[in-house]
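Single-letter residue listing:
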Amino acid sequence: MIIEISVAVLALAFAALVVFLIMTLRSLSTVLMQTNETIRELQQQVNGISREATEVLRHTNEVTVDVRNKLHSIDSVVCSVKNIGDAVQEITSSIKQASASVAGSILTKVVKERPAAGGGPGRDKVATVMQAVPVAIELWQAFRSRKPQVRRQTYPQQA
């Protein structure tokens, strides 16, 4: 009789164990299904983000190529502006040299004529003005040298 009771208790314990295992396996199955669904959603979101990132990169490359082409088209304009600036600088230098030469010759002539003419009041004013011309030219040169010069920038060629 003890053996029969022991077998009955053992059978009840095994049945309880099977019931708890079934409940645990069902919970685990539910958790696994939710995890699987979450992974599917994440894959869809990652695919969407990947497509958007690819699209952004493509647009960025298009914009970069467009900007590079526009910079290359402006390159000749910048070169022309630089050439114009160089020409203006040469003209200014030539005018400065010519005016300095003329001022020097006039000053020399005034100085030669002044002692001979007796040095009237009008002649002193002309001499003063003529002495001020080289100073004005030097001031103009200092002003011109302070202006920033346009420099041509080179950009890498598109391969």
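Bear in mind that the values here come from a model prediction, so they are computed numbers and not experimental data.

(A) Seen up close, the overall build of the chain. Helix and strand content of the chain: two helices and zero strands. With 159 residues in all, the chain has 5% of them scored as buried. Restricting to contacts in the chain with at least 6 residues of sequence separation, those with at least 24 account for 79%. Entry remark: accessible area of the chain is about 13500 Å², with carbon and sulfur atoms responsible for 65%.

(B) Structural context of the UniProt feature "coiled-coil region" (unreviewed entry) in the chain. UniProt records the feature "coiled-coil region" (unreviewed entry) for residues 25-52 in the present numbering. Taken end to end, residues 25-52 comprises 100% helix and 0% strand; its first and last C-alpha atoms sit 40 Å apart.

(C) Looking closely at the pattern of salt bridges. Per the stated rule, a full pass over the model turns up five salt bridges. Here Glu62 ties to Arg58 by a salt bridge, and the two come within 2.6 Å at their closest N and O atoms. Taken together, the residues span about one helical turn, with Glu62 and Arg58 both in helix α1 (residues 2-117) at a distance of four residues. You can call Glu62 partly exposed: its relative accessible area is 42%. Residue Arg58 is classed as partly exposed on the basis of its relative accessible area of 39%. Note that Lys70 and Asp66 form a salt bridge whose closest N and O atoms lie 3.2 Å from each other. Residue Lys70 and its partner Asp66 are located together in helix α1, separated by four residues, close to a single helical turn. By sharing partners, the salt bridges in this structure join Glu55, Arg58 and Glu62 into a single network.

About the criteria used
- Residues numbered from 1 in each chain as written.
- Predicted model: local features only at pLDDT ≥ 70, side-chain atom pairs only at ≥ 80, totals over all residues.
- Heavy atoms only, no water.
- Helix = DSSP H or I, 4+ residues; strand = E, 2+ residues; numbered from the N terminus.
- Buried < 20%, exposed > 50% of the residue type's maximum accessible area, 1.4 Å probe, protein only.
- Contact = heavy atoms within 4.5 Å.
- Areas by Shrake-Rupley, 256 points an atom, 1.4 Å probe, with all protein chains shown as cover.
- UniProt positions renumbered as here; feature names shortened; annotations may be inferred.
- Salt bridge = Lys/Arg side-chain N within 4 Å of Asp/Glu carboxyl O.

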